[in-house]
Every structure is written in structure tokens, then in C-alpha cells.
Amino acid sequence: MSSSAHTAVHHVHRDDYGSRMGMWLFLFTELILFGGLFIVYAVYRFVHQQEFHLAAQELNTVVGLLNTVILLTSSMTAAMAVTAIQKGNVRFAKGLLWVTVLFAGAFMLNKYFEWSAKIHHGIYPGSPDLLAKPEGEILYFGLYYVMTGLHALHVIIGVVFFLFILRQIGQGKVTPTSYVRLENSALYWHLVDLIWIFLFPLFYLIH
Amino acid sequence: MANVAMPADRAEPNYLEVTTNSHKGILGWLLSVDHKRIGLLYLYTMLAFFAVAVGFGFMIRLELLTPGKTVIDAQTYNQFFTLHGIIMIFLFIIPGLPAVFGNFFLPIMLGAKDVIFPRLNLLSWYLFIIGGLIAVSAWLMPGGSADTGWMFYVPYSLRTTTNVVPALLAAFVLGFSSILTGINFITTIHRMRAPGMTFFRMPLFVWSLYATAWVQVLATPIIGITLALVMIERALGVGIFDPSLGGDPVLYQHLFWIYSHPAVYIMILPAMGLVSEVIPVFARRTIFGYKFIAFSSLAIALFGSLVWAHHMFTAGMSDTAMFVFSFLTFFVSIPSAIKVFNWVSTLYKGSIQADPPLLYVLSFIFQFSIGGFTGLMLGALSTNIHLQDTSFVVAHFHYVMFGGTGFGIFAAMHYWFPKMFGRMYNLKVATAAWAVVTVGYNLLYFPLFISGYLGMPRRYYDYLPEFQPYHMVSTVGSWILILGLIVMFWNLWRGMRSGPKAPMNPWGGVTLEWTTQTPPIVENFREVPTVTTGPYDYSRYESAAKEGK
Amino acid sequence: MSEQTHEHGHVVPYGKYVFIWLALIAFTGITVTAAGIGLGNWTIVLALAIASAKSWFVLNYFMHLRYEDAVFKTFIAVAFITFAIFITFTFWDYSFTR
């Protein structure tokens, strides 16, 4: 009467589908976490349209575009890593994951330069230069730092996940027949990409 | 439904005696991934926080016995009601039924041996403890505990020199705990139902946990980000909500209530689920309108997400927003009313056993109905203008959260403790305590409707002498209530420690938990049960009762 | 219910991912170009539409949603609808005179 997977009562029942389901649910919470910030952005942009336009001109569209391309590409390599392990190409999978991590590093480097430039020009939360600007611009930059900052934090978390997976592949704990952790890490990474897909036009393409 | 009776001579060690990890003693508890032990960890720590919050409540009511200063100063009063709210809401009522009884009984009711992510479950509890400790830690810091009220409204929360950040951080951590529990429960319900248990053969408590879990997952992140923004704004001076930097305090309120209104449905849905469990058992018949009750849980979760700004009618919103949110608020009452009608219909002409679980449920129905009606009074724009921020609101939400969910928790304890601990408590003492608690509770809160209607503001330390009679009745009510609670808890404690051994099925229930050993073995079931009927099939009650007792 | 526990089953070929990537890059190019044209208030509408299209590709192909059960698709619809409610209902307040 009991299904065959439950015979040994003490061993942990493996459920990859359930594992993925749990991961998707967690991704929803991340979507809505950022969603709250998008709501704040939407309201303030609606109320301060001119000032948002003005403030956005301080941002470098090329750097933003570069970062967009970097993340999209890293998303592709992460997805390919799943295919690689499914096909049994473990070394290729590892290589793709390293490429993904490298791209993430490039993203963070760009971000570092971007923020440094801004801070050097006196535009950072609480700076006298910023506080002298109109309200709408103060709000824009507040949102800029918070949203890209929180996003960058998630990039770091995503990288940590991938490094962890790379180690587990090396230890034989993630294999061509047991790879749901890799899938879940890739899902997380795609979410990081998704958020940036919206951040990019909303901050860099208002002109 | 399969009934796997456990003859006494084949009794296995139960979950209280056996650990799932290799540790003994206290570590066997603190590192346990057994959902039943985790449920008990939540129970003990939650009751400790509850006691602290009751203490604050006692002091608040004592202070309000007379106008002007009675025992504490105004600043302390503000800090007391802030912590009272934070602890009660985030550490007692929201986790309450899901974390204790959901953790313990969800897998058993599904015929499973645990939740799908047991280690995540233990992490949820650790986050609960950490959050709770952070919340009370502010008391020890210079500047003292937050004095903003549990809503942390800006701009005051940005300006006050009291320790707001620990309170915000605590709520953030507790929110994360809630989210992880929600993820665990949704996935468990989808993936671990026993063979034959379709969604429409699940007990209604499970349906309520399912709807609750969705709200936990989708609404909690909003409060997470909102409180994080206030923390960031306090720490770094980022302009988000601060009006002097262009921020909009009403936007804060929107974001706050986008979570906090659905949160009240996180609070009430499991209690309604519990009521749906108890009534069939103590009326000895199947529940009236099972599918309606199941769907109404989902409807409450949905409608409850559409109405948040009814907390903001006096905040300065557009007229359009006020019309829309007030209009939608009336719809939320419909699925709740459906439940109440179905419960009462089940009781009508049933074979009633007036045992303590049912008594608390009857109080629930009475009190929740009052809370619900007064909610409609608050939802109407014209009356809201007069009643907002008066003690009418305080009475309303205590009627639904305490008179509703709180009594639901008490009912759950009286219903399920015999199964969890294997012993019976004294029914007569429990009944007497119930009577004292119900009388004390209503004396405490009902006068607040009247004084609020007459103009007594909420959160005020001082008041005009004309309100004193209501305050005096209310404060005396709080003493009677606390007395009743002490007797209630003492009776349960004594029963669980040294009461007579409980039979497998003391109440004659027919859901799966009543077929397990009392207390349950670690894996809950010796063999995975196969389910062939709906959950409240009393046609077989006779045979189940004879074998069980 | 347990038959699927050990195999995800569907393997997406590398080439398909490259193709999706090209589509994403193309959309990115369009959105940058469109921002340079003075479309006024329509810029944001177009930008969000393109971002949504890109998201559709990422969700369905990179994240395999297209190949998952209806349950997952229902879940994500619920999540999106919930967020949509949160943002649009907030605008009942801001779109009209206060």
C-alpha cells in the first residue's frame, strides 16, 4: 500500500521537484522584496518626473549597458552549465560556472567604478551636494544607491552559491544524476539578472 | 480511512523519548529536525514571550486605571505599548498556530513523516529566537526601547532617539522566519500528501495553513524591504520617506499596510482552520460545506490583499483611493461570514460534547463575530472618521486577534495537548478557567468600544475624567483575565506533567493524527496510511471510537 | 507523484540558449535606441514592455518555466498578479487628487 520510495523509514527521501518548487517560492519573496522598491520608485517618479529626468543624466548609459550585457551573458552561461551537467560534461559545467563567476566579478568591478565616480563627485546619501539638490533628485539618488546596492548584494550571494556548487562538484556531491542544487543556484542567478533587466531602463534610460 | 490501531504491548518509544540526531539531552532538542520537537521548541519559547507581553499589557491597563500618572511615566508607557504590540504580533499571534500546531500536526494530518525541508524548519525556529532576543534587547541599551508604537510610522521613527533599529531588525528577522515556514508548508502540502489524499480530502486546518503560507510568502517581503529602508534611512540619511528630503510618509504607510493587513489574515486563518477541526469532533458530525470553507480560506487570502489602505483613511489619501478601499473592505467579510454560517450549521442538531476545546471555540465564534462587525463599522468611511485612532480600534483588533486567534490557540492547546504529551488535564478546572478567561476578556475589551465611540483616543497616557469608569472596568477585567489565564496554564502544565495517561483518541476525532500513537512515534506512522475518504467521515466513527478507546 | 523525483528530464540544447541570448541582446539594443528617440511619456511604456519581453525569455528558457508543470506556471502567475495588485492599488492614491 505504501509507495515504494518510502520503504526505509529513516533515510531522507529525495525530491528534486519539491526542491525546485521550494526554490521558486523563495524567488517569489526576492521578487516582491525588490518589488517594494519598484513601488517606491514608481510613486516618486510619477510625482517628480522632471527631476528624475534631470538626475538620470548623471548616470553613464554605456556602463549600464555594459553591465546589462555582462549579466545577460552570465545568465546564459549559468543555464548552459545545467545542460552540461545533465549531459555528463562535468568539466564543461565547471568551466561555464567559472565563466559565470568571472562575469559577475566584472559586473561588480564596473559597479565599484561607477559608485566611486559618483562619490568622488559628491553625490552620495547625506552629502551636502546632494542635499542641495531638489527633492526629486535626492529621492532618485537615494533609490539608485539602495536598489543597485541591494542588487549588488544579491550578485555577491549568487557568486557564493556558485562557488559552493563548484566545490560540491569537486567533492562529487553534485553529479550528472544529482544536480538540483546547481539548478537552484542557476535559478537564483537568473533572478539577479531579471532584476537588473528592469533596473537598467528605469535608472539609465530616462531621457 | 485506514485506522492503524496501536496495541499497547507493541508501543514504540515516542518522539519525546527518542532523538533523530545523535545528541542527547538539551542538544537533542536544540539540534532536532523532528517537526514535533520543533513545534514544542516554538511552544515553550512563544509562551515565554507571551508572558512578557501580557506583563506589559497588565502595566498598560494598570497605568490607565486613573487619569494622569498612576504607576509609570509617559515615556515608559509609550515604550510598553510598543513592545507589547511587537511581541504579541510578531512573536505570538503570527507564528502562534502555524509554528506550534502547524509544525506538529501538518505532516501527521497529511500522513507524512515530517515536513519536506526539516533543516529549514529548524532554521525558522532559530530566526524566531534571534528575532525575539533582538526585540527585547533594546531595553538594555541607552535610549531604551522604541517608543514609536509597533507601526514605526515615519517621520517619528526617523527622528526618535530611542532604539528603533533593534525593533526593526527584529521584525525583519522574524519576517524571514515566517517566510521560510510558509515555503516549507506550501511545498510539503503539494509534495507529501499520503496516497489517496487529494486536495479535497485534506483537513480544513491544512487548507487554512496553505492559504496562510501563501500570504506569508507573498506579503512578508514588503514589510521586510520597508523596515530595511527605515533602518537604512536612520543609519545613512538616505532620503526615502523623510519629508524634509522629499519623502512621502503616506507612502511608508502604504508599504507598511500592504503587508500588515494581509498579516492579520496570517493570524486568523489558522485559527479558523482550528475551529473547523474542533466543531465536527464535538458535534459528532461531518462539517457543513467543506468545499465552501476550503475555498473561503483562499478567498480571504486574496481579498485580504486588496484592502490595506482602510488603515489610512485619515492619513491624507485621495478620495478615490478611500472610496475604492472602503468598498473592497466590505467584500472581505463575505468569506469569513460563510465560515461562521457553516460552523453554526454544523453545530445545529449535532451531538454536542461541551468539552474545553469546544468551549474556547464557542467563545471564538462569539468574539470573532463582534470583531468582524466592528471591522465593518471601521471600514465605512463616514464612521471611520470618528472612530479612527480611538480605543474603538483597539477593542476591534483585540476582539479579532485575541478573542479570535488567541482563543483559537487556547482551544488548540486543549484539543491537541493530550496527543502531543500523552496525558489528560483536568476537564472541570479547564472549564472553570475558560469561564473566568471569557468573562475577564470581555470585561477588559468591551468597554473600550464604548469609550472609543465617546472619543477616548488610543495610545494616550492621560485622559479626561469622563472616561475613567470605562478604564476601571477594563482594568479590573484584565486582572480577572490574567487570573483565568494563570489557572488555565497551570491546569495544562499540571496535566501534561502528571495527569492520567491519555487514550489514543480522547475526543473521538477521525483525522489522521488520532490514529497515531499517543504521543506519536518519531516517524508518526508505522506504515504510510492510505486515504480513501474525506477528513470528517463520521459514518465510521463508531468503529474508530471502539478501537481507539 | 514520486516518479519525477530523480530526473528533471528535459535537457535544453546549448544552441537554444545562445539563440535566446541573441534575442535578449537584440531587445537590449532596441530599448537603448528607443530611449534616444524623443518619445515622451511613451518611452517608459516601451521600456517596460521590452523589459517584460526579456523577462519572458529569461523565465521561460533560462529558468525552464516553459518545461515545468502547470503548477509552477500557476504559482508564478499568482506571484505576478499579487505584485501587480500592490503597485496598481497604490496608485489609486497617487493618480488622483489628494
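Residues numbered from 1 in each chain as written. Chains lettered and ligands numbered in written order. Predicted model: local features only at pLDDT ≥ 70, side-chain atom pairs only at ≥ 80, totals over all residues.

A few points about the overall build of chain C
And then number 1: Secondary structure assignment for chain C yields three helices and zero strands.
And then number 2: When its helices and strands are written in sequence order, chain C yields α-α-α.
And then number 3: Rg of the C-alpha trace for chain C: 18 Å, well past the compact-globule value of 13 Å for 98 residues, more than 25% over.
And then number 4: On the principal axes, the C-alpha backbone points of chain C span a range of 55 × 35 × 10 Å.
And then number 5: Burial analysis of chain C (98 residues in total) assigns 27% to the buried set. (Helix = DSSP H or I, 4+ residues; strand = E, 2+ residues; numbered from the N terminus. Rg over C-alpha atoms; globule rule 2.2 N^0.38 Å. Buried ≥ 20, exposed ≤ 12 C-beta atoms within 10 Å, placed from the backbone.)

Some thoughts on the interface of chain A and chain C
And then number 1: The interface of chain A with chain C comprises 38 residues on the first partner and 33 residues on the second.
And then number 2: Counting residues per element, the ones that place at least two in the side of chain A that touches chain C are helix 1 (16–47), helix 3 (61–86) and helix 7 (180–204) of chain A. (Contact = placed C-beta atoms within 7 Å.)

Quick look at the nonpolar core
And then number 1: Among the nonpolar cores identified, the biggest contains 275 residues, and Ala81(A), Ala171(B), Val206(B), Tyr210(B), Val278(B) and Ala411(B) are the most heavily contacted of them.
And then number 2: Broken down by element, the residue count for this core peaks at 24 residues, all from helix 9 (residues 249–283) of chain B.
And then number 3: Both domains that meet at this core, namely domain 1 (3–67) and domain 2 (69–98) of chain C, each give it at least three residues.
And then number 4: Discounting chain neighbours no more than four positions away, the residues touching Ala411(B) are Leu274(B), Val278(B), Pro357(B), Tyr360(B), Val361(B) and Phe364(B). (Core = buried A, V, L, I, M, F, W, Y, C linked by C-beta atoms within 7 Å. Domains from an automatic or database assignment.)

Here's the deal with helix 7 of chain A
And then number 1: The terminal C-alpha atoms of helix 7 of chain A lie 36 Å apart, and with 25 residues this matches the ideal 36 Å at 1.5 Å per residue to within 8%.
And then number 2: Of all 25 residues in helix 7 of chain A, 23 are buried; the element is thus mostly enclosed. (Expected span 1.5 Å × (residues − 1).)

Let's talk about the interface of chain B and chain C
And then number 1: Contacts between chain B and chain C engage 14 residues on the former and 12 residues on the latter.
And then number 2: If you list the elements that add at least two residues to the side of chain B that touches chain C, you get helix 8 (204–236), helix 9 and helix 11 (319–347) of chain B.
And then number 3: Take the side of chain B that touches chain C: its biggest share by element is three residues, from helix 11 of chain B.
And then number 4: The residue makeup of the side of chain B that touches chain C, split by class, is eight nonpolar, six polar and no charged. (Nonpolar A, V, L, I, M, F, W, Y, C, P; charged D, E, K, R; others polar.)

A word on the environment of His120(A)
And then number 1: You can see His120(A) is positioned in helix 4 (residues 90–120).
And then number 2: The exposed category is assigned to His120(A), around which 9 C-beta atoms lie within 10 Å.

A closer look at the packing of helix 4 (residues 96–110) of chain B against helix 14 (residues 391–421) of chain B
Packed helices, taken two at a time, are described by the angle their axes make and the gap between the axes.
All names here are of chain B.
And then number 1: Direction vectors running N to C along helix 4 and helix 14 enclose 25 degrees, while the axes themselves pass 10 Å from each other. Considered as vectors, helix 4 and helix 14 are oriented roughly parallel to each other. Note on packing geometry: the crossing formed by helix 4 with helix 14 is left-handed. Contacts from Gly96, Leu97, Phe101, Phe104 and Phe105 in helix 4 reach Thr405, Gly408, Ile409, Ala412, Trp416 and Met420 in helix 14.
And then number 2: For the contact of helix 4 with helix 14, the residue count by class is eight nonpolar, three polar and no charged. (Axes fitted to C-alpha atoms, helices over the stretch in contact; angles between N-to-C directions. Parallel < 35°, antiparallel > 145°, perpendicular 65-115°, else oblique. Left-handed = near helix turned anticlockwise from the far one by under 90°.)

Examining the packing of helix 3 of chain A against helix 1 (residues 14–36) of chain C
And then number 1: Taken N-terminus to C-terminus, the directions of helix 3 of chain A and helix 1 of chain C make an angle of 165 degrees; their axes are 10 Å apart at the nearest point. On the basis of their axis angle, the class for helix 3 of chain A and helix 1 of chain C is roughly antiparallel. Two packed elements cross with a definite hand, and for helix 3 of chain A against helix 1 of chain C that hand is right-handed. Listed contacts from helix 1 of chain C to Leu65(A), Thr68(A), Val69(A), Leu72(A), Thr73(A), Met76(A), Ala79(A), Met80(A) and Thr83(A) of helix 3 of chain A are Tyr14(C), Tyr17(C), Val18(C), Trp21(C), Leu24(C), Ile25(C), Thr28(C) and Val32(C).
And then number 2: Residues that form the contact of helix 3 of chain A with helix 1 of chain C fall into these classes: 13 nonpolar, four polar and no charged.

Here we look at the domain arrangement of chain C
And then number 1: Here chain C is described as being made up of domain 1 (3–67) and domain 2 (69–98).
And then number 2: Between domain 1 of chain C and domain 2 of chain C, the C-alpha centre-to-centre distance is 21 Å.

Describing unusual backbone geometry
Residues and elements named next belong to chain B.
And then number 1: Here the bond from Val154 into Pro155 is cis, since omega is 0 degrees, no more than 30 degrees from zero.
And then number 2: Following Thr518, the chain continues into Pro519 via a peptide bond in cis, with omega recorded as -15 degrees.
And then number 3: The residue Pro519 is located in the loop between helix 16 (468–498) and helix 17 (541–548) in this model.
And then number 4: With a phi angle near 60 degrees, Lys349 is a residue other than glycine that sits in the positive phi range.
And then number 5: Looking at the secondary structure, you find Lys349 in the loop between helix 11 and helix 12 (356–379).
And then number 6: With 9 C-beta atoms packed within 10 Å, Lys349 lands in the exposed category.
And then number 7: In the Ramachandran plot, Arg459 falls in the positive-phi region, its phi being about 65 degrees despite a non-glycine side chain.
And then number 8: Within the fold, Arg459 resides in the loop between helix 15 (427–453) and helix 16.

Looking at the environment of Gly224(B)
And then number 1: For Gly224(B), the position within the fold is in helix 8.
And then number 2: With 23 C-beta atoms packed within 10 Å, Gly224(B) lands in the buried category.
And then number 3: Leaving out residues up to four positions away in the same chain, Gly224(B) has contacts with Leu33(A), Phe172(B) and Gly175(B).

A closer look at the confidence of the model for chain C
Residue and element names in this part refer to chain C.
And then number 1: Residues of chain C with pLDDT of at least 70 account for 91%, and the chain-wide mean is 90.
And then number 2: Highest mean pLDDT in chain C belongs to helix 3 (residues 70–94) (97); lowest belongs to helix 2 (residues 42–62) (94).
And then number 3: Every residue in residues 1–6 scores below 50 in pLDDT, and together they form nine contacts with partners more than four places removed in sequence or on other chains.
And then number 4: With pTM at 0.94, the complex prediction returns an ipTM value of 0.93. (pLDDT = per-residue confidence, 0-100.)

Here's the deal with the environment of Leu174(B)
And then number 1: Positionally, Leu174(B) belongs in helix 7 (residues 164–191).
And then number 2: Excluding its chain neighbours within four sequence positions, the residues that come into contact with Leu174(B) are Phe90(B), Leu91(B), Phe128(B) and Gly131(B).

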